[in-house]
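Now for the letters of each chain:
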Amino acid sequence: MKSRLSVAWICLCVIVVGASRADTNQPADSTVTVRQMYDGHLLPNEAVATFSHIDRLFPTRTVHHGTHVYPLPEAARRLTNFSFTSRGKRWDLYDYLAVNRIAGLLMLKDGQIVFESYQLGTNRQTRWMSMSVAKSITSTLFGAAIKQGLIGSINDPLTKYAPELAGSAYEGVSIRDILMMSSGVKWNETYTDPRSDRRRLLEAQISQQPGAALAVMKSLPRAAPPGTVNNYSTGETQIAGIVLHGAIQRPLADYLSERIWSRFGMEDDATWWLASPNGMEIAGSGFSARLRDYARFGLFFLNGGVEGGEHLLPDGWMQEAGSPKVLKGGKKLEYGYFWWPAWSTDATPDAGGAFSAIGIFGQFLYINPKEHVVIAEWSARSKPEGMAIIDDMDFFAAASAALHGSAESGRQP
């Protein structure tokens, strides 16, 4: 376990972001608390400094990289400026970078770099938080565990792998229900409300007491039968992490390193928040990595989880996890297994099977299988939600359209 600060200091939940670090250059007087971050009380420089030092907020576990690096060659021709419509206005690439507070943007076409930009003091060595992009990483680990036979089926009950959930509202819930966030357990995800369930879970994390997060989740009541109602819940992902941990019998970070991070060829270590010192990972948040490694993860997923000729994920897992699901009773759900199918807008009426991992404050890992495009993006927005002036999905769809054709051809708009 990689702990950057003493537990006493961590429990104060203060991050001092002006300390010297080789991968970023931020103001010396920027400080923030984790509660301020979730309240949305961030000045622009504070957002950048906090998001690029997120591993100093809590103890972390390292996700180790391996001995080789998966190459990301430069495309023969790079993507240049293009224009598109979003929310009734005309924009271009430079508008998007500026008004949506983009700190890092990397686009791959056919596995080659067609655009890469670091802004707001970041660079290639910067590690940046993913927030709920971590949920999609956790979902992928379920696929890996199923492929290895450590989990029999996503239809298995949670209590098969986490008997400690017996007697709670999660008894009788399946892994599939959890991955669709349709357990039927009552939950309020409002980030900026100190009284919400999401903030209760955050306070349990701040306490750094073993078992505190699980206690919050076991205290929740049932609101609907399992599989019938979708309710976005970071707590649901923590339950998923507990179930996964019970199945794999090792830390999530170690399993990620063993099955994907080291094998596929990430260039640097990543870090993952812990619920308590030397405890379990926060399965739905607190993952930090370099931008190129997020893009490599997207490429791994896009390619069906194959490395060195070995299938590390079940056949068809990408399509299954990234596509809209159906609730019991037949209601269509615009959600996959901790992945978001790309939504349609007036500007992009047909998402074309694309999907995305999405984190608050503007973090994205967008995958477009039809165009073989992967886009990894960091943003430094001041509030968890509602700060995107340009719809991010409009931009991703427009970028994919601009990249239509092969990277080798160097087609430009």
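For the structure itself, consult the block above.
For every chain, the first residue of the written sequence is number 1, and numbering continues from 1 along that sequence. Owing to the predicted nature of the model, reporting of local features is limited to residues with pLDDT of at least 70; listing and counting of side-chain atom pairs is limited to 80 or more, with chain, interface and lining totals taken over all residues. Water and hydrogen atoms were dropped before computing side-chain values, which therefore reflect all heavy atoms in the structure.

**As for the overall build of the protein**
- Scanning the protein for helices and strands turns up 13 helices and 18 strands.
- Partly exposed residues are those whose accessible area sits between 20% and 50% of the maximum for their type, while under 20% is buried and over 50% is exposed, using a 1.4 Å probe and protein chains only. Going through the 413 residues of the protein one by one, you find that 61% of them count as buried.
- Sequence separation of at least 24 residues holds for 70% of the intrachain contacts in the protein that already meet a minimum separation of 6.
- In short, Shrake-Rupley with a 1.4 Å probe defines the accessible areas, and a residue's cover is counted only from the protein chains shown. Per element, the accessible surface of the protein, about 14,900 Å² overall, is 52% carbon and sulfur. Numbering of helices and strands starts at the N terminus; helices are DSSP runs of H or I of at least 4 residues and strands are runs of E of at least 2. Residue contacts are defined here by distance: any two heavy atoms, one from each residue, within 4.5 Å place the two residues in contact.

**Notes on helix 7 (residues 197–207)**
- Extensive coverage of helix 7 is indicated by the burial of eight of its 11 residues.
- Looking only at helix 7, the buried set comprises Asp197, Arg198, Arg199, Leu201, Leu202, Ala204, Gln205 and Ile206.
- Following helix 7 by one or two positions, glutamine 208 adopts a phi angle in the positive range, close to 55 degrees.

**What to know about the side chain of aspartate 92**
- As for its placement among the helices and strands, aspartate 92 is situated in strand 5 (residues 89–92).
- In this structure aspartate 92 is buried but unpaired, with arginine 90 as the nearest side chain of opposite charge at 9.2 Å.
- In terms of polar contacts, aspartate 92 uses its side chain to reach the backbone amide nitrogen of tyrosine 94, at 3.1 Å.
- Once residues lying within four places of it in the same chain are set aside, the contact partners of aspartate 92 are Asn81, Phe82, Ser83 and Phe84. In this tally Asp and Glu are treated as negative and Lys and Arg as positive; neither His nor the chain ends contributes. The term salt bridge refers to a pairing of a side-chain nitrogen on Lys or Arg with a carboxyl oxygen on Asp or Glu at a separation within 4 Å. Throughout this description, a polar contact denotes any pair of N or O atoms lying within 3.5 Å of each other; where both atoms belong to protein, one of them has to be capable of donating a hydrogen while the other can accept it, and for residues adjacent in sequence the pair is counted only when both atoms sit in side chains.

**Overview of the pairing of strand 5**
- We treat two strands as partners when DSSP finds at least two bridges between them. Alignment of strand 4 (residues 83–86) against strand 5, held across four bridges, turns out to be antiparallel. Bridge pairing in strand 5 links phenylalanine 84 to tryptophan 91.
- Where strand 4 hands over to strand 5, the hairpin turn is made up of two residues, of which arginine 87 adopts a positive phi near 55 degrees.

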